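Listed here are the chains, written in short residue letters.
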Amino acid sequence: QGQLVESGGGLVQPGGSLKLSCAASGIMFSINVMGWYRQAPGKQRELVASITRSGTTTYGDSVKGRFTIARDNAKTTVYLQMNSLKPEDTAVYYCNAALLGSLPRWGQGIQVTVSS
């Protein structure tokens, strides 16, 4: 079945930085697009950033210029470098992997809190 394992969340002050990681494990299908979504209390889940196998990136408007998504050479781990964090970035962040020939996978979610 396989899974996505997220790490790197936590509490940070406004203006600070965090780096999230998401590693795919045991997934038998080729991973196409990998990305990060987030969901704040009372809000819908939204795209933060995504990256294709060829390296094409997409960012949500609210994070452009502050967040950077990257993927390792094996294409099974994705990173999200978050700089200049704001309180409105507080949310549960979910890793997503779009697979070729199977349903997408989601990570369990990781909390990011930006607060002084």
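The structure we're discussing is the one just above.
Since the structure is predicted, the reported quantities are computational estimates derived from the model, not experimental observations.

1. What to know about the sheet that holds strand β3 (residues 18-25)
Within the open sheet, the 4 strands sit side by side as β1-β3-β8-β7. Their pairing is antiparallel. Across the chains shown, the open sheet's two edge strands, defined by having one partner strand only, are β1 (3-7) and β7 (67-71). Across this sheet, the average inter-strand angle for adjacent strands is 15°, counted without regard to direction. As paired strands, β3 and strand β8 (residues 77-82) are joined by 6 bridges and run antiparallel to one another. Note on β8: the bridge partner recorded for Cys22 is Val78.

2. Looking at the side chain of Arg105
Here Arg105 is to be found in strand β10 (residues 105-106). The charged side chain of Arg105 is buried without a salt bridge, its nearest counter-charge being Glu6 at 13 Å. Not counting chain neighbours up to four residues away, the residues in contact with Arg105 comprise Gln1, Gly2, Leu4, Ile27, Cys95, Asn96, Ala97 and Leu99.

3. With respect to the state of the cysteines
Disulfide: a covalent bond connecting the sulfur atoms of a pair of cysteines. Summed over all chains, the structure comprises 1 disulfide. Two residues, Cys22 and Cys95, share a disulfide whose sulfurs are 2.0 Å apart. Classification of the bridge connecting Cys22 and Cys95 rests on its S-S torsion, roughly -85°, and on that basis the disulfide is left-handed. Taken together, the residues Cys22 in strand β3 and Cys95 in strand β9 (residues 91-99) connect sequence positions 73 residues apart. Look at Cys22 and you get buried, because its relative accessible area is 0%.

Criteria and cut-off values
- Residues numbered from 1 in each chain as written.
- Predicted model: local features only at pLDDT ≥ 70, side-chain atom pairs only at ≥ 80, totals over all residues.
- Heavy atoms only, no water.
- Pairing = 2+ DSSP bridges.
- Helix = DSSP H or I, 4+ residues; strand = E, 2+ residues; numbered from the N terminus.
- Axes fitted to C-alpha atoms, helices over the stretch in contact; angles between N-to-C directions.
- Buried < 20%, exposed > 50% of the residue type's maximum accessible area, 1.4 Å probe, protein only.
- Lys, Arg positive; Asp, Glu negative; His and termini not counted.
- Salt bridge = Lys/Arg side-chain N within 4 Å of Asp/Glu carboxyl O.
- Contact = heavy atoms within 4.5 Å.
- Disulfide = S-S within 2.5 Å.

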